[in-house]
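Survey of secondary and tertiary structure
Each chain is listed here by its residues.
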Amino acid sequence: MMAEAPAAGAVTLWLDGEVAAGSLAPDAAQRLAALAFDRLLERLAAPPPRRRLLGLIPVGPAPGPRGLYLWGGVGRGKTLLMDHFYAAAPVEKKRRQHFHAFMADMHEAIAAARRAMAAGDPRDPVEIVARSLSAEVRLLCFDEFFVTDIADAMLLGRLFGRLFELGLTLVATSNAAPDRLYWNGLNRQSFLPFVELLKARCKVVHLLAGADHRLEGLSAADVYLSPLGPATEAAAERLWQEMAAGGEGPCDLRVKGRLIHVARTAGRRARFTFAELCDRPLGAADYRAIARHFDLVMVTGVPRLAAGERNAARRFVTLIDVLYDAGRMLVMTADGEPGELYRATEGEEAFAFARTASRLMEMRSTAWLRRAATVDSTTDNCMTHASPTP
């Protein structure tokens, strides 16, 4: 069943209104992207076709409308445009999800299906997962789509090949063109059929280079302290003591049957070292648990990462993505400005880190801090929360 169709040109009308009000600067590339989103809204509002054998006998759903893949540099407004597209999309079964979270869910579902197969279920695990997802979601939106993990790369082609056949429409934003996804990745040749499938099932729109709008209106808020050293450590400790004036204590968060120990918490504030978050085998699910439970996260000791420190860089990118998507406050001590923290200049991690640097700039702005202070949060399950120490 389809929801009520949106007003014609919903995304373009919103963008033009923001420009007229002076909230956004005129940007021809953004307007072209908004028009592409509006054309997709029109296709989604149209009655879905049905496939028929010999023109008479229904044989299941036809492929959904061709989706959209919007790519361009950091801070160009891709997420903002998708926000308004998603709100206007006339589809009841729609989902917007970060790519990390989606793939974690899919791997977990595939593992469960394989256990069922070992117990005697003859069905293909990918088929089980694809049918289950397509029953719940007709429009799937990914923000900041990129691929660095070989397990993700090998699953994407099979899974989305079936999802597209079952009528799914995909919309994604990314820093990278489709042909640059999983660049230099292990066994990339096996990933290339998915790239061709993606280009066939999504209109590719390049949001051409322009100003990084996240860099506008920044203030010298004392939430990003640099460089590392005794003075920075002392400033971070003073700030933490002010925030933990009521006392602090440890906390354990339950994540999928295991516990993450948080050594220093004060109410809905938590303090970590970079090593605790990024030198341990943590992933998106762990960072989401932290973002659900804590409104403010302090991360100290963020180093300058060498090009070969890909695992730590990848975890740091995921951490910032999760905190950004959740609208959380971030206090950080680092050994340089955001753009200086990772030395790699090519590869998926370098693409992703450029976005991370831009987001870190935004997350220390007055506008971000004001907005984060009003974000509603839901408490995660915190176990064995010790009594605060005064």
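Nothing here was measured: the structure is a model prediction, and the numbers come from that model.

1. Comments concerning the packing of aromatic side chains
Counted by the stated rule, this structure contains 17 aromatic pairs. When the centroid spacing of 5.2 Å and the interplanar angle of 40° are considered together, the rings of Y342 and F353 count as tilted. On the criterion of sequence distance, the pair formed by Y342 in the loop between β13 (329-334) and α12 (348-363) and F353 in helix α12 is long-range, its members being eleven residues apart. We classify Y342 as buried; its relative accessible area is 7%. Chaining the aromatic ring pairs together yields one cluster made of Y69, F99, F102, F142, F145, F160, F164, Y182, F191 and F194. The ring of W183 has R180 sitting right over it, with the charged end atom 4.0 Å from the ring centre. A cation sits over an aromatic face here: R364 above Y224, 4.7 Å from the ring centre.

2. So, unusual backbone geometry
Most peptide bonds are trans, and most residues other than glycine sit at a negative phi. In this structure, P227 follows S226 across a cis peptide bond, with omega equal to -5°. Mapped onto the fold, P227 is located in the loop between β8 (224-225) and α8 (230-243). Positive phi values are uncommon outside glycine, yet N187 reaches one of about 55°. Residue placement: N187 occurs in the loop between β6 (169-174) and α7 (192-201).

3. Some remarks on the confidence of the model for the chain
Put simply, the chain has an average pLDDT of 84, and 85% of its residues get 70 or more. Mean pLDDT values for the elements of the chain range from 53 in strand β14 (residues 382-383) up to 96 in helix α9 (residues 274-278).

4. A closer look at the environment of A284
Following the sequence through the fold, A284 ends up in helix α10 (residues 284-293). The exposure class of A284 is buried, given its relative accessible area of 11%. In the structure, A284 is positioned 37 residues away from D321 in sequence and 9.1 Å away in space, judged by C-alpha atoms. When near neighbours in sequence (up to four residues on either side) are disregarded, A284 contacts H100, T318 and V322.

5. Thoughts on the nonpolar core
Counting 54 residues, the largest nonpolar core has L277, V299, F316 and M332 as the members making the most contacts within it. The greatest single-element share of this core, amounting to nine residues, is contributed by helix α11 (residues 310-326). Non-local contacts of F316, meaning those with residues more than four positions away in its chain, are made with F274, C278, V302, M332, F353, T356 and L360. Counting 34 residues, the second-largest nonpolar core is a separate cluster that includes F99, F142, L168 and C202.

6. Let's talk about helix α1 (residues 10-21)
Along its twelve residues, α1 runs 17 Å from first to last C-alpha, staying within 8% of the 16 Å computed at 1.5 Å per residue. Along α1, the residues that are buried comprise V11, T12, W14 and L15. In an axial view of α1, the angular spread of the buried residues amounts to 160°, which keeps them on one side of the axis. Summarising the geometry of α1, the exposed residues directed more than 90 degrees from the buried face are L13, A20 and A21. Against the buried residues of α1 lie α2 (28-45) and α3 (78-88). Just downstream of α1, G22 is the residue with a positive phi angle, here 85°.

7. Section: the packing of helix α4 (residues 99-118) against helix α5 (residues 125-136)
Relative to each other, α4 and α5 sit at 125°, their axes nearing to 8 Å. As the angle between them shows, α4 and α5 are arranged oblique. The hand of the α4/α5 crossing is right-handed. The segment α4 lies against α5, with F102, M106, A109, I110, A113, R114 and M117 engaging P125, V126, I128, V129 and L133. Its residues assigned to classes, the contact of α4 with α5 comprises eleven nonpolar, no polar and one charged.

8. Let's talk about the packing of α4 against helix α6 (residues 150-165)
Interhelical geometry of α4 versus α6 gives an angle of 75° and a closest axis separation of 11 Å. On the basis of their axis angle, the class for α4 and α6 is roughly perpendicular. Of α6, the residues touching α4 (which contributes F99, F102, M103, M106, H107 and I110) are A151, D152, L155, L156, L159 and F160. Of the residues belonging to the contact of α4 with α6, the class tally is ten nonpolar, one polar and one charged.

Calculation rules
Residues numbered from 1 in each chain as written. Predicted model: local features only at pLDDT ≥ 70, side-chain atom pairs only at ≥ 80, totals over all residues. Heavy atoms only, no water. Phe/Tyr/Trp six-rings, centres within 6.5 Å; stacked < 30°, edge-to-face > 60°. Helix = DSSP H or I, 4+ residues; strand = E, 2+ residues; numbered from the N terminus. Buried < 20%, exposed > 50% of the residue type's maximum accessible area, 1.4 Å probe, protein only. Lys NZ or Arg CZ within 6 Å of the ring centre and 35° of its normal. pLDDT = per-residue confidence, 0-100. Contact = heavy atoms within 4.5 Å. Core = buried A, V, L, I, M, F, W, Y, C linked by side-chain atoms within 4.5 Å. Expected span 1.5 Å × (residues − 1). Arc of directions from axis to C-beta. Axes fitted to C-alpha atoms, helices over the stretch in contact; angles between N-to-C directions. Parallel < 35°, antiparallel > 145°, perpendicular 65-115°, else oblique. Left-handed = near helix turned anticlockwise from the far one by under 90°. Nonpolar A, V, L, I, M, F, W, Y, C, P; charged D, E, K, R; others polar.

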